[in-house]
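# Fold and contact review
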Amino acid sequence: MFFFVAWGSKWKHKRVENGRSFRKLCPACRTYGDFQEVVPTRYFTLFWLPLFEIERKQPLLECSRCEEHFYMTEEEHRTPREAFFEEA
Ligand SMILES: [Zn+2]
């Protein structure tokens, strides 16, 4: 019998709406760029389509140029978001 696994899970970096953003030097691509707050989110997938969230990790900053991800510094973490109050 042919058995075909159609479900699984997948990590995506979900952009935080009205999240923190910073303009700074990227250690990876070495240019000044905009960093946007993203949340690593794991999705349940069926036939490779993400259906719903399973799990989230702490927010990271994503370089808009090279799309590399970095942990926030203490100071950045203390910077309030404009209109986003969801706490994990
Ligand atoms: Zn970069």
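Preceding this paragraph is the structure being described.
Please read these numbers as outputs of a predicted model, since none were measured by experiment.

### Considering the environment of Phe-47
By the element assignment, Phe-47 lies in the loop between β3 (32–46) and β4 (49–56). A residue is classified by how many C-beta atoms lie within 10 Å of it, and Phe-47, with 9 of them, is exposed.

### Some thoughts on the environment of Phe-70
With respect to the element layout, Phe-70 can be found in strand β6 (residues 69–70). The partly exposed category is assigned to Phe-70, around which 15 C-beta atoms lie within 10 Å. Residues Phe-70 and Val-38 lie 32 residues apart in sequence; the distance between their C-alpha atoms is 9.9 Å. The residues touching Phe-70, leaving out its near neighbours within four places in the chain, are Leu-60 and Leu-61.

### A closer look at the pairing of strand β1 (residues 7–15)
Of all the 9 residues making up β1, 0 are buried; the element is thus mostly uncovered. In this sheet, β3 lies alongside β1 in antiparallel orientation, the contact comprising 9 bridges. Bridge pairing in β3 places Ser-9 opposite Phe-44.

### Comments concerning the environment of His-13
Tracing the backbone shows His-13 in strand β1. Accessibility expressed as a C-beta count within 10 Å gives 16 for His-13, which makes it partly exposed. The spatial distance from the C-alpha of His-13 to the C-alpha of Arg-56 is 9.7 Å, given a sequence separation of 43 residues.

Parameters at a glance
- Residues numbered from 1 in each chain as written.
- Predicted model: local features only at pLDDT ≥ 70, side-chain atom pairs only at ≥ 80, totals over all residues.
- Helix = DSSP H or I, 4+ residues; strand = E, 2+ residues; numbered from the N terminus.
- Buried ≥ 20, exposed ≤ 12 C-beta atoms within 10 Å, placed from the backbone.
- Contact = placed C-beta atoms within 7 Å.
- Pairing = 2+ DSSP bridges.

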